[in-house]
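# Coordinate analysis (summary)
Residues per chain, in single letters:
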Amino acid sequence: MGGKVQKQNGVSAEAPIPLLTPYTLGKFQLSHRVVLAPLTRLRSWNNVPQPHAILYYSQRTTKGSLLIAEATGVSDTAQGYPQTPGIWTKEQVEAWKPIIDAVHAKGGIFFCQIGHVGRVSNTGFQPNRQAPISCTDKPLTPQTQSKGIDVAQFSTPRRLTTEEIPLVVNDFRLAARNAIEAGFDGIEIHGAHGFLLDQFMKDHVNDRTDKYGGSLENRCRFPLEVVEAIVDEIGADKVGIRLSPFADYAEAGDSNPEALGLYMVESLNKYGLVYCHMVEPRMKTVGEKSESPHSLLPMRKAFRGTFIVAGGYDREDGNNAVAENRADLVAYGRVFLANPDLPKRFALNAPLNKYNRETFYIPDPVLGYTDYPFLEDSE
C-alpha cells in the first residue's frame, strides 16, 4: 500500500502503510495507529500489579504509541477473575507507578482501562463472600471460560438499589483520580463485554423498573453518569470509553444494538471524550470471528472524537480501516500479545509469531507473557 516515494538520493522507498502514519489523539502525538488493546492476563497477585508487568508493557512500547492497560478494578467488589489488578488502594497506585514509568521512558502514551465486572463474578471474589452486584438479580449460566478457568460458576447477583448507584459512580470517579495520580496519561471506561456498565445498557440483562431501566435513555443513564463524573474529575481530554453494543458476551445482548451504539456515541459527544473504542460486530463472543450484517460505520460517523476499532484485525484489515476512514486507530490484542514488536513487523510485512492461547491466563510471570521473541534485528 502507499506506492513508492522518491528519496532525495534517488533511491525509492515504500511510503508508510496507513497503520504507520502519525495521528494526533487530543493532546497526544502518536507516531502510528497500532494500539495495544486492553488484555486481561491474570498475573497481578492479590489484585496488585507486579514488577513483571514492567517488562511486558515496555516490550510493547514504541515512541509515540498508545497502550491501554488491562482491565483494572475500581473497587473491592469489581473483581470476577483471579489475580486481576485494581486501582482502589494506595498500594495498587504505588505498584502501577514503575510500570507506567517504563512505558513513559520509551515515549509511550498509557491509558488505564477501569471497570467493574458486575454479575460476572461469584462470592469467592467478593468482600465477605457477599453477592456480586448488578442491575438485575438474574444469574448467569455457568460457562466454559475463555480466561483459563474450566467452568466458571457465577453467584446470583444482588440488584443495586436506586440509591446505591451513585456510590458505584463514585468508585469509578475515585479510580480515575487514582489512575492519574499513579501517572497514567488517561483512562478508558470499560463499558463493554457484558460487565457492569454493559449489563445496565443491554435490554437482555437490564430488567429494572426505576430510572435506570426500561427505555434506552434510562438504561444508558448509569454509564453516562460514570462518564460525567470522570470527566468532571480528570478532564475529558484524558477519558476514553470502550463499548461493544453488538456483542453478546456474558449473556449481555441487546434487541437493537445499532440504536444503542448510536445513542451512546451521540450522548458521549456532549462530554468531548478523547476517544471511543468499539468492538466490531463480528466479535459476538470472545475470540470468535463471525459474519455480521452490522457495521460500526454509523457510530464512526456520529462520534466527534477519535474512533478506535478492535476485534479480529490483521495488518491488511487494519490498513484498509484507516485508508477508508472507518477508523482513526486500530487496537490489536492477541497478535500484539504474541508480537511485542508488532508495529515493526507491520512496517516490514514480516511474519508474525503465533499466539498460544494456553498461556494467555496462566499466572506464570514469564511464560506466554514476556518470552515471545522479537524479530531478529535486521539492520
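Refer to the structure printed above.
The rules we used
- Residues numbered from 1 in each chain as written.
- Predicted model: local features only at pLDDT ≥ 70, side-chain atom pairs only at ≥ 80, totals over all residues.
- Heavy atoms only, no water.
- Core = buried A, V, L, I, M, F, W, Y, C linked by side-chain atoms within 4.5 Å.
- Buried < 20%, exposed > 50% of the residue type's maximum accessible area, 1.4 Å probe, protein only.
- Contact = heavy atoms within 4.5 Å.
- Axes fitted to C-alpha atoms, helices over the stretch in contact; angles between N-to-C directions.
- Helix = DSSP H or I, 4+ residues; strand = E, 2+ residues; numbered from the N terminus.
- Left-handed = near helix turned anticlockwise from the far one by under 90°.
- Nonpolar A, V, L, I, M, F, W, Y, C, P; charged D, E, K, R; others polar.
- Polar contact = N/O pair within 3.5 Å; in protein donor to acceptor, adjacent residues only side chain to side chain.

## Concerning the nonpolar core
- Ranked by internal contacts, the top residues of the largest apolar core, which has 94 residues, are Tyr57, Ile114, Phe184, Ile187, Phe222 and Ile230.
- Setting aside anything within four residues of it in sequence, one finds Phe222 in contact with Ile165, Val168, Val169, Leu196, Leu197, Phe200 and Tyr212.
- Counting residues in each nonpolar core, the second largest holds 16 residues, with Leu25, Leu30, Val35 and Tyr275 among its members.

## Some details on the packing of helix 3 (residues 165–182) against helix 6 (residues 221–234)
- Between helix 3 and helix 6, the shortest axis-to-axis distance is 9 Å and the interhelical angle comes to 35 degrees. Taken as a pair, helix 3 and helix 6 cross one another with a handedness that is right-handed. Contacts from Ile165, Val168, Val169, Phe172, Arg173, Ala176, Arg177 and Ile180 in helix 3 reach Phe222, Glu225, Val226, Ala229, Ile230, Glu233 and Ile234 in helix 6.
- Classifying every residue of the contact of helix 3 with helix 6 by side-chain character gives eleven nonpolar, no polar and four charged.

## Here's the deal with helix 9 (residues 315–323)
- Within helix 9 the residues assigned to the buried category are Asp317, Gly318, Asn319, Ala321 and Val322.
- Those residues of helix 9 that are buried are in contact with strand 16 (329–332).
- You can read the cap of helix 9 off the contacts: a side-chain oxygen lies 3.3 Å from the backbone nitrogen of Glu316, and it is on Asp314.
- In the stretch just after helix 9, Asn325 is the one whose phi turns positive, near 60 degrees.

## A look at the side chain of Arg208
- Secondary-structure assignment places Arg208 in the loop between helix 4 (196–201) and helix 5 (216–219).
- When its relative accessible area of 6% is taken as the criterion, Arg208 is described as buried.
- Among the polar contacts listed, one links the side chain of Arg208 to the side chain of Asp210, at a separation of 2.8 Å.

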